[in-house]
Structure formats: structure tokens, C-alpha cells
Amino acid sequence: MVRAIVGANWGDEGKGKITDMLGQESDIIVRFQGGSNAGHTIINDYGKFALHLLPSGVFYGHTTSVIGNGVALNIPYLFNEINEIVSRGVPKPKILVSDRAQILMPYHIAFDAYEEERLGGKSFGSTKSGIAPFYSDKYAKIGFQVSELFAPEEVLKEKVERVVAMKNVLLEHLYHKPLLDPEEVYRTLLEYKDMVEPYVCDVSLFLHNAIKEGKNILLEGQLGSLKDPDHGIYPMVTSSSTLAAYGAIGAGIPPYEIKNITTVVKAYSSAVGAGAFVSEIFGEEADELRKRGGDAGEFGATTGRPRRMGWFDAVATRYGCRIQGATEVALTVLDVLGYLDEIPICVGYEINGEVTKDFPTTAKLEMAKPVLKKLPGWKCDIRGIKNYADLPKECRDYIDTIEAEIGVPITMVSNGPGRDEIIKRK
Ligand code: GDP
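Cut-off values and rules
Here the residue numbers are simple positions, counted from 1 along each chain's written sequence. At least 70 in pLDDT is required for a residue's local features to be given in this predicted model, at least 80 for side-chain atom pairs to be given and counted, and no such filter applies to totals for whole chains, interfaces and linings, which use all residues. No hydrogens and no water enter the side-chain calculation; it runs on all heavy atoms of the structure. Ring pairs shown here join Phe, Tyr and Trp side chains whose ring centres sit within 6.5 Å, with only the six-membered ring taken for Trp; geometry is labelled stacked below 30 degrees between planes, edge-to-face above 60, and tilted in between. Only runs of H or I of at least four residues qualify as helices and only runs of E of at least two qualify as strands under DSSP, and these elements are numbered from the N terminus. Note on classification: 1.4 Å probe, protein chains only; a residue is buried when its accessible area is under 20% of the maximum for its type, exposed when over 50%, partly exposed between these limits. Two strands pair under a simple rule: DSSP has to find at least two bridges between them. In this description, contact between two residues means that some pair of their heavy atoms is separated by no more than 4.5 Å. In this description, a line fitted to the C-alpha atoms serves as the axis of each element, helices being fitted only across the stretch in contact, and the angle between N-to-C directions of two axes falls anywhere from 0 to 180 degrees. What a helix should span is 1.5 Å times the count of its residues minus one.

Trainee: In this structure, what is going on with the packing of aromatic side chains? I would like to understand it.
Mentor: The relative placement of two aromatic rings is captured by the distance of their centres and the angle of their planes. For the structure shown, the criterion picks out eleven aromatic pairs. Seen from their ring centres, Tyr46 and Phe59 are 6.5 Å apart, and the 25° between their planes marks the pair as stacked. A residue pair is termed long-range when its members are at least 10 positions apart, and Tyr46 in the loop between β3 (40-44) and β4 (47-51) and Phe59 in the loop between β4 and β5 (64-67) qualify at 13 residues. According to the relative accessible area criterion, Tyr46 is partly exposed, its value standing at 32%. A ring pair is formed by Tyr114 and Tyr175, whose centres lie 5.8 Å apart and whose planes are at 45°; its orientation type is tilted. In this pair, Tyr114 is assigned in helix α3 (residues 106-119) and Tyr175 in helix α5 (residues 153-175), connecting sequence segments 61 residues apart. Here the two residues Tyr114 and Tyr175 agree in accessibility, since each one is buried.

Here's what the structure looks like:
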């Protein structure tokens, strides 16, 4: 059975924790999009880890971790991450890398930084991991697929020359930065070939056979619905699709094999980078929630920068679940809200004097004002509770209200960052 674990919001919903938890019953865990630009924080028996490129199931001895063709593959980064977890006592994971994955090059990272510098105050708030230049090149057909590392020398060299010629025009005339040397780019590719060769695999075929054998496969998404380039808050989005539907493409499996779409929803909102954020809060109210949020405050796993904070947004989350095709929801970080007397949630957007519950496109979103409804807080610590019935009534009411708003069953409630801090509901 194939199950996708994806985010309904702006990312950082706690997908890593849910993947790590469900990894127990899985055979294969696949990353199908994105790169090292967002992190998953995982706390388990080995300690606390911030993974960026490795799938979150990498801590189990029985799972195979797969980098699918849809991923932006930063090869040195992947190997640093493997070495880091192994040096901290995690058994050496079994890793497969798709022969159709494309390689994120050092110049993608440089171009990302140069473009943010050029945009100045109008920048996207990129993590400068090279993701936008990488996917631009992939679709412009000037990227390097892992399989091309194994092409005859003259074929690869000729392509490098062609790509570098284009890059150097931009470097010289737009960014005024040092030019690329084709010889050096070629040498980098050869180094990458040596590193990745033992792991390269026809992932689509591997997964085809695994599905036939009835294996349990998890597709692990990065970021969330609202960062999707088509269905998110364009242009303040990421550069690969964050949707479960893309899991089929980014892993190389038929779409109808994805039977379960576990969509992770955060009990309040947080976002990184620029863009409209209707239920955003500021000042001391935001500082307090940021300080208490997640396992150690809401600060980016990749950049360390403070996340923007807001109340739960039912409009955005219902849309986020719909566009993912959510079959069930895991509601996370609920424990964080235990300090509040009253908990506002955003149940509508007021745009030009009219209230809507439908998530609009970006230009309208920029004009939206939140319609807030206040729910009573439960004023206690719910960590350690194992049974749904033992949650305070106000807390159950908060969950019921969210469930009614989003229209998808909440089957799991996460009440702490640890692997076992989960309440199964139905
Ligand atoms: P991801 O990218 O969706 O995996 O999310 P992140 O790892 O960036 O952010 C989630 C943060 O919340 C991490 O620091 C987790 O350890 C933490 N976390 C996940 N679930 C819970 C929860 O139920 N309660 C608390 N307090 N923290 C949680």
C-alpha cells in the first residue's frame, strides 16, 4: 500500500515526526520533491535530528530510504547527512537514488544568492539552497540527470560547455560575478559520479516490484499545499509541487496506487518567507506562541530564522486539505496551545467587504482580512495523555471545530514532539 504524508499549510506541520512514527510499519520511504531547502525535525531514541534531504524513515534498520526522481539532489549534502546520522549511532541506512533524479550544482546555490541580492527588498526570502535555479534548469532542459553522469565523456563535456556558456552570460552581464569554468564543472560532475554510483537505481522499477509484493511505501512530502507552485500563493511558493499527486511523478508510480493521503495540519499557523498570511499575529502575542511552538520554538530548521506566526486558518487549511486530496488528517502541536485563555481561529476571509470561506488567488489574498472566532482554551498541559477521552473537553471541542471546518476526519492528534506522543482517534 502506498501512503503519502504531506502538509496542508505552509510547511513545518510536523510531517517528519509523523513519517518517523509511521516508518515503524513501512518498508520503503520515498522523498519525491524538493531538496535540502526545508528541514524536518525528528526526536527519537537516537536523539534530535534535523534532516533536509534524507527521508524521515532513515532511523529504522528495516526500511529502505529512496531519493526519487522529483528531488533536487545535492550530492555532497546527502552524504554529509548520512555521515552525520551514522556518526551519532544510527545504523547505516539503506539508500537508493533514482537514476532519473537531477543534480543540484554548486552554481545553482550561487545563482539563488545572486538573484536574492539582485531583488533586494523584493526578494522571495529564499533559503538560498539553489532550488529555484535548479528546477528552472530542469524544465529548461539544461539540468544534469544522474544517468547523464554515465554518458560517454565527450557527450557530457559537450553539454557542460553548452550549459556553462549560458550561465556565463548571466554571470557577466546580469549579476557581475565570477564566471564558471567548464573544466571545473566537469570535474565536479565526475566527483559526484564516484559518490553516488553505489546507490543509483531504477527507482520506478524498484517501486513497481515493491508494490506488486505488497510492501508498505510512504511518500514523504516537503513543505505544504500553500507553497505549491500551481495551487499555492504564487509567486511566494517553492519550485516543485508539494502535492500528494506529484508523489506519483516524483517517485515514478501510478497515481491510483496512492491509497491514503495523510495530511498533516498544524493546530496553529507558522510560515517562513514572504507572502500573504491572513491569520498572522505580531508583537508579544506572536513572540509568545513562537517561543512555545514546536519542540524548541518556531525557528527554521534550515536557516534558524524566526518563523512568522498566526492562528489556525480554517480557510487555508480546508483548501490545503482539498488540494492534497486528504483522506485523513494528523493534527499536530496541539499541546503548544495549552497556555491560552481563548484561542482564536480564522473561519473566513473578508475581501472587499464580503466574507468568503474559499481560498482565493494571490492578488485577492493580499486584500483578505481574517474573520476570527474565539474558542475557550483548556489551560493545562496535555502532554502525556494517551487516550482521546482523557483530553479536556475544551481541547476536544477545539479538535471537533477544526474537523468540522476542514471536512476531513482527524484520525491522529500529536501532543508532543516525540515518536510516541500521539493519540489515535478513530
Ligand atoms: P516538517 O517539516 O513538517 O517535518 O516540520 P518541522 O520538523 O519543521 O516542524 C515541526 C516541529 O514541531 C519540530 O520541531 C517537531 O519536533 C515539532 N513537533 C512535531 N509534532 C509536535 C507536537 O505534537 N508537539 C510539539 N510540541 N512539537 C511537535
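Still to come is the rest of the account.
Trainee: Would you take a moment to explain the sheet that holds β5 for this structure?
Mentor: Through backbone hydrogen bonds, the strands of a sheet pair up, either in parallel or in antiparallel fashion. The sheet built from ten strands is open, its strands ordered β9-β7-β5-β2-β10-β1-β11-β16-β20-β21 with mixed pairing. Each having just a single partner strand, β9 (200-201) and β21 (422-424) make up the two edges of the open sheet. In this structure, β5 lies alongside strand β7 (residues 94-98), joined through four bridges in parallel fashion. The residue bridging Val66 from the neighbouring strand is Leu96, located in β7. Helix α8 (residues 244-251) contacts β1 (2-7), β2 (28-31), β10 (217-224) and β11 (258-266) of the sheet and is inclined by roughly 125° relative to β11.

Trainee: I tried to follow helix α12 (residues 393-406) on my own but got confused; where do I start?
Mentor: At 3.6 residues per turn, the α-helix brings residues three or four places apart onto the same side. For α12, which comprises 14 residues, the first-to-last C-alpha distance of 20 Å matches the rise-based estimate of 20 Å (1.5 Å per residue) to within 8%. Taken residue by residue, α12 has Cys395, Tyr398, Ile399, Thr401, Ile402, Glu403, Glu405 and Ile406 as its buried positions. Directly beyond the C-terminal end of α12, a positive phi value near 70° is found at Gly407.

Trainee: Just checking my understanding: could you explain the environment of Ala210 for this structure?
Mentor: Looking at the element boundaries, Ala210 is found in helix α7 (residues 203-212). For the pair Ala210 and Asp27, spaced 183 residues apart in sequence, the C-alpha to C-alpha distance is 9.0 Å. The contact partners of Ala210, leaving out residues within four places of it in the chain, are Ile28, Lys215 and Ile217.

Trainee: Can you help me understand the sheet that holds strand β14 (residues 308-310) in this one?
Mentor: Taking strand neighbours across the sheet as the criterion, the three strands line up as β12-β14-β13 in an open arrangement whose pairing is antiparallel. The open sheet has two edge strands with one neighbour each: β12 (269-271) and β13 (280-281). With two bridges joining them, β13 and β14 adopt antiparallel strand pairing. Across the sheet, the residue bridging to Ile281 is Met309, located in β14. Docked against the sheet, helix α9 (residues 283-292) engages β13 and β14, running at close to 100° with respect to β14.

The quantities given are spatial measurements derived from coordinates; they are silent on function.
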